[in-house]
Amino acid sequence: MAEVLVVTSGKGGVGKTTTSASISTGLAMRGKKTCVIDFDVGLRNLDLVMGCERRVIYDLINVIYKEANLSQALIKDKRYNNLYILPASQTKNKDALTKEGVGIVIDELKKDFDYIVCDSPAGIEQGAEMAMYFADKALVVANPETSSIRDSDRIIGLLSSKTYRAENDMPPIKESLLITRYNPSRVEDGNMLSVDDIKEFLSIPLLGVVPECQSVLDASNTGVPVVSNQKSDAGQAYMDAVNRFLGESIPMRFVSNEKKGFWNILKGKFTTSEVV
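Here, residues in each chain are numbered from 1, in the same order as that chain's written sequence. Totals for whole chains, interfaces and linings use all residues, but because this is a predicted model, local features are given only for residues with pLDDT of at least 70 and pairs of side-chain atoms are given and counted only at 80 or more. Just so you know, side-chain values use all the structure's heavy atoms and leave hydrogens and water out.

Caption draft 1: Geometry of the overall build of the chain. Looking only at helices and strands, one finds 13 helices and 8 strands in the chain. Atoms considered for the radius of gyration are the C-alpha atoms alone. The globule rule reads 2.2 Å times the number of residues to the power 0.38. Here the chain has a C-alpha radius of gyration of 19 Å; the compact-globule value for 276 residues is 19 Å, and the two agree. In terms of overall dimensions, the chain has a C-alpha envelope of 70 × 40 × 35 Å along the principal axes. Counting all 276 residues of the chain, 53% fall into the buried class. We call two residues in contact whenever any of their non-hydrogen atoms come within 4.5 Å of each other. Sequence-distant contacts, at least 24 apart, represent 75% of the contacts inside the chain between residues at least 6 apart. Method for areas: the Shrake-Rupley scheme with a 1.4 Å probe, in which residue coverage is limited to the protein chains shown. By element, 49% of the accessible surface of the chain is carried by carbon and sulfur atoms, the whole surface being about 13,600 Å². When the 33 positive and 36 negative side-chain charges of the chain are each reduced to one mean point, those points stand 4 Å apart. A run of DSSP states H or I qualifies as a helix once it reaches four residues; a run of E qualifies as a strand once it reaches two. Both are numbered from the N-terminal end. Partly exposed residues are those whose accessible area sits between 20% and 50% of the maximum for their type, while under 20% is buried and over 50% is exposed, using a 1.4 Å probe and protein chains only. His residues and chain termini do not enter the charge count, which takes Lys and Arg as positive and Asp and Glu as negative. Where a charge lies is defined by one atom per residue type, namely NZ (Lys), CZ (Arg), CG (Asp) and CD (Glu).

As structure tokens, this is what we get:
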């Protein structure tokens, strides 16, 4: 049965779109037929991160207002045959989103997809509410800083009170936490909140920790989700999160500084020594 996952966070700039792109791509890499929807009407960045901006002809709003059908608006990913993108509109505002219209689109997608990933805009206005309204699961994205954690706590409150499941007395949305831009060295120096601090404050299960990594910016600039780069720490962290999401038990990486062993120290010594 198809599941709807919303990737959300109250604060802007924490990595929601990067996360939506990598989680949906990771699910496709695992053989799951996946559609990722951009709910950031008026801005639209998901198509850039996914590398399909030139292919956008119709969008979510066109489908809602029956100006196009889903098959016209869905964009097939260049790399994975079972991954599709439904872009947002750049010419409309978020008021164009309606519960009825979004519900019809979601129901139609459920007929053909295993997972529907909803990329939520920042804030708590119409776009964010529509992105989370029909969710079965929620991935709350947070940076290890006070303002981000506080805003995430607000979103958790909305997930439990202003969604279809909440309004219809159904089992609650299953929430999980993804911490992005984590730097263990800064945590040790007292300049960043720790994983334990964040978990204690938000009190939802931790799905993954994505370290600060240049590859995230490189991926956004090239239109290739960072999860595709399994040589990078961030790419590995996102794939770990996908695998945990699918029920696998995987140790949490990138939460502490790696301590070099004897052989690694020797290797580094010989690598940096001058060759005569």
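Text resumes after the structure shown.
Caption draft 2: View of the pairing of strand β5 (residues 115–119). Of all the 5 residues making up β5, 5 are buried; the element is thus mostly covered by neighbouring parts of the structure. Where burial is concerned, the two faces of β5 agree: the one with Y115, V117 and D119 and the one with I116 and C118 are both buried. Being paired, for any two strands, means DSSP has found at least two bridges between them. Bridge count between strand β1 (residues 3–8) and β5: 5 bridges; the pairing is parallel. Along β5, the bridge assignment pairs V7 with D119. Pairing analysis gives 5 bridges linking strand β2 (residues 34–38) to β5, with the strands arranged parallel. Bridge pairing in β5 places D38 opposite D119.

Caption draft 3: Here's a closer look at helix α7 (residues 146–159). A helix is expected to span 1.5 Å multiplied by its residue count minus one. Taking 1.5 Å of rise per residue, 14 residues should cover 20 Å, and α7 covers 20 Å from first to last C-alpha, within 8% of that figure. All buried positions along α7 are accounted for by S148, I149, S152, I155, I156, L158 and L159. The buried side chains of α7 occupy one side of the element, clustering within an arc of 165° when seen end-on. Among the exposed residues of α7, those oriented more than 90 degrees off its buried face are T146 and R150. Looking at the buried positions of α7, the neighbouring elements they touch are β1, α6 (126–133), β6 (137–142), β7 (174–182) and α10 (195–202). Think of it as the arc spanned by the lines of direction from the helix axis to the C-beta atoms.

Caption draft 4: Region of the structure containing the side chain of S148. Counting through the fold element by element, S148 comes out in helix α7. Within the local environment of S148, its side chain forms a polar contact with the backbone nitrogen of N143, the two atoms lying 2.9 Å apart. Not counting residues up to four positions away in its chain, the partners in contact with S148 are K11, V14, A142 and N143. Pairing of N or O atoms within 3.5 Å defines a polar contact, subject to two protein rules: one partner must be a possible hydrogen donor and the other a possible acceptor, and residues neighboring in sequence count only if both atoms are side-chain atoms.

Caption draft 5: The arrangement of the pairing of strand β4 (residues 83–86) in detail. Of the two faces of β4, the one lined by L83 and I85 and the one lined by Y84 and L86 are each fully buried. In this structure, β2 lies alongside β4, joined through 4 bridges in parallel fashion. Note on β4: the bridge partner recorded for C35 is Y84. Of the strand pairs in this sheet, strand β3 (residues 75–76) and β4 are connected by 2 bridges, and their pairing is antiparallel. Note that in β4 the partner of I75 across the bridge is I85.

Caption draft 6: Examining the pattern of salt bridges more closely. What makes a salt bridge here is a side-chain nitrogen of Lys or Arg within 4 Å of a carboxyl oxygen of Asp or Glu, nothing more. Tallied over the entire structure, the rule returns 12 salt bridges. Between D77 and R79 there is a salt bridge, with its nearest N and O atoms 3.4 Å apart. The buried category is assigned to D77, whose relative accessible area is 6%. On the basis of relative accessibility, which here comes to 31%, the residue R79 falls in the partly exposed class. A salt bridge links K99 to E129; its shortest N-O distance comes to 3.9 Å. In this pair, K99 is assigned in helix α5 (residues 99–110) and E129 in helix α6, connecting sequence segments 30 residues apart.

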